[in-house]
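# Survey of secondary and tertiary structure
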Amino acid sequence: MNARPNIVLVHGAWADGSSWSGVIERLQADGYHVTAPQFPLTALADDVARLRQVLDLQDGPVIVAGHSYGGQIMTALGPDAPHVAGLVYVAAFGLDQGESLGALLSQGPVTPALAHLVTDTQGFGWLSEDDFVNHFAADVDPVRAKVMYAVQQALAMSAFGDVMGVPAWKTLPSWYLVAADDQALPPDAERAFASRMGATTVEIPSSHVAMVSHPGDVAELIKTAAAAVPARTYGD
């Protein structure tokens, strides 16, 4: 078994596994075994099932890092999170029991990145190109941001109504990266998530997609989490 924890990366809505590329390169260079699967985004239950499928494949302890809605997925693992030794939230939702994404977001004005969200006839939400390039990925080179827009994975709007059960962060150590210039998820909400989960927190001047624009900072936080939960403590 690898002497270090495995790393599983969970992408959010309007993104895919490739959004973690810069982080993956850095972690692999340091000898970590990394998995960044594609999530269907068809329903929260489907996404949690995919995460559990991937966790079942891991040999030894795992640090799970989630971005945006990816935080919702890993939080929904609840107290039954086999192999998981720690959680890293990257500008991610960290809901508590009884909360939903829709109820949380309705507490304030619509953020710029979500201002023109379009729901298709199948019930999936898509971002407009202008909102994606100029707000969702505001600090990413526009050429690259347009590529990210082209491959965006739409989210089932039903996910906004799913109510959280007992969150995984109640029983697992957590770390949080706050994106101070986030125009999709309000930075104050991110700070509130981090505070109530007692997460070790770092804050950087980043757009919502910190793992794309600041992969070094994100990789460092994941490595910090991995170092805090050594494999020998949690090994099979």
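The following refers to the structure shown. For clarity, every value in this text was computed on a predicted model and none was experimentally measured. (Residues numbered from 1 in each chain as written. Predicted model: local features only at pLDDT ≥ 70, side-chain atom pairs only at ≥ 80, totals over all residues. Heavy atoms only, no water.)

With antiparallel pairing, three strands are arranged side by side in an open sheet as S5-S6-S7. Because the sheet does not close on itself, it has two edges, and the strands there are strand S5 (118-119) and strand S7 (155-156). (Pairing = 2+ DSSP bridges. Helix = DSSP H or I, 4+ residues; strand = E, 2+ residues; numbered from the N terminus.)

Glancing now at unusual backbone geometry. Positive phi values are uncommon outside glycine, yet leucine 41 reaches one of about 60 degrees. Along the polypeptide, leucine 41 turns up in the loop between strand S2 (34-35) and helix H2 (44-56). The exposure class of leucine 41 is buried, given its relative accessible area of 0%. Phi at serine 68 is positive, roughly 55 degrees, even though this residue is not glycine. On the secondary structure map, serine 68 appears in the loop between strand S3 (62-67) and helix H3 (69-75). (Buried < 20%, exposed > 50% of the residue type's maximum accessible area, 1.4 Å probe, protein only.)

Consecutive residues of a regular strand have side chains that alternate between opposite faces of the sheet. The element S3 is largely enclosed, with a buried count of six among its six residues. Burial along S3 is two-sided: Val62, Val64 and Gly66 and Ile63, Ala65 and His67, pointing in opposite directions, are all buried. Inspection of the sheet shows strand S1 (residues 6-10) paired to S3 by five bridges, in the parallel sense. In the strand pairing of S3, isoleucine 7 is matched with isoleucine 63. Taking the sense of rotation as the criterion, the β-α-β connection linking S3, H3 and strand S4 (residues 84-90) turns out right-handed. (Right-handed = clockwise from strand over helix to strand, strands pointing away.)

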